[in-house]
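What the coordinates show
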Amino acid sequence: MRLPGSFHATLRFSANKDRLFTEMTASNVEFRTDTGALEIGRIPRVVGTLSSFDFAGDFCCDVVEVRLDRTNTQSDWLWRCKKIQSGGKPVLLTARLRAEGGNWLSDDSKREAVYAEALRELAAVDVELSSVFCGSVCAEAARLRKACVVSFHNFQETPPLADLCTIAEKGMTVGSIAKISTMINREEDVAVLKSLLGHLWPKPICVIGMGEAWAQTRVEFAALGSCLTYGYLDGSAAPGQWHAAELLRQVRAALPASAKT
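Throughout what follows, the structure given in this document is the object of discussion.

Basis of the calculations
- Residues numbered from 1 in each chain as written.
- Predicted model: local features only at pLDDT ≥ 70, side-chain atom pairs only at ≥ 80, totals over all residues.
- Heavy atoms only, no water.
- Axes fitted to C-alpha atoms, helices over the stretch in contact; angles between N-to-C directions.
- Helix = DSSP H or I, 4+ residues; strand = E, 2+ residues; numbered from the N terminus.
- Parallel < 35°, antiparallel > 145°, perpendicular 65-115°, else oblique.
- Left-handed = near helix turned anticlockwise from the far one by under 90°.
- Contact = heavy atoms within 4.5 Å.
- Nonpolar A, V, L, I, M, F, W, Y, C, P; charged D, E, K, R; others polar.
- Pairing = 2+ DSSP bridges.

**Here we look at the packing of helix 1 (residues 77-86) against helix 2 (residues 108-121)**
Two elements in contact, helix 1 and helix 2, have axes whose closest approach is 11 Å; the angle formed by their N-to-C orientations is 30°. What the angle tells us is that helix 1 and helix 2 run roughly parallel. Classified by chirality, the crossing of helix 2 by helix 1 is right-handed. Where helix 1 approaches helix 2, its residues Trp-77, Leu-78, Lys-82 and Gln-85 are matched on the opposing element by Val-114, Glu-117, Ala-118 and Glu-121. A breakdown of the residues in the contact of helix 1 with helix 2 according to their chemical character gives four nonpolar, one polar and three charged.

Right under this line is the structure:
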């Protein structure tokens, strides 16, 4: 199954690192801030996940994902996010549902209001494809020329390729980027996720394989076309997630072009 669209990938060989990597050449998305825009799609970007506003370290990543469902601050969250973004890193706001691995406990009406506030001030948001307001959040993002990552998570297994292709297509229909994160239990699951990355998608796709034994796929999948790969800044948010600094180092080593733009 190959979907029609403008996205295509050019495979090139890195003689220095003896590795195959993918440079995406079309259908890019911008994470826009007041000071500029970070292109997402042509080359992979490293996302650093922040779980607490008490973090005082370096933002060693391309994008900061603020997991509002995990932070211990509620009332001034937007001010804190804007402060991070003013330092030069686009902020991706996520308020993850418990059903998909998050800690969000409040009712969905409050969560929808959070996304509306975030879209007015921040570069991007992440909303689950299964959310009842996924479509409206994506529509508002498009109206404001902001990016919306539409995500799907399965912490038990990797579904069949045909199912994942359908999920990715639905995510791209409404959002800017389709994100699929599944648990890897065996080598065959890796093959499924690689095949997902091998399709010609009309928009950028992010593919993540979870599991401690499969952490290296976070670099490998970036090399094969995943537009984003996630590490943590202050505490792992998923099985097999590396610290963002180490992930950034390995991605830059494997894909030298990612350090130039």
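Further notes follow.
**Notes on the sheet that holds strand 11 (residues 205-210)**
In spatial order, the strands read 11-10-9-8-7-6-5-12; together these eight strands make up an open sheet with parallel pairing. Every interior strand has two partners, whereas the edge strands, strand 11 and strand 12 (228-232), have only one. Each adjacent strand pair in this sheet contributes to an overall mean axis angle of 25°, direction not counted. Looking at chain direction, strand 5 (residues 45-50) and strand 6 (residues 63-67) are connected through four bridges and run parallel. Across the sheet, the residue bridging to Leu-50 is Val-66, located in strand 6.

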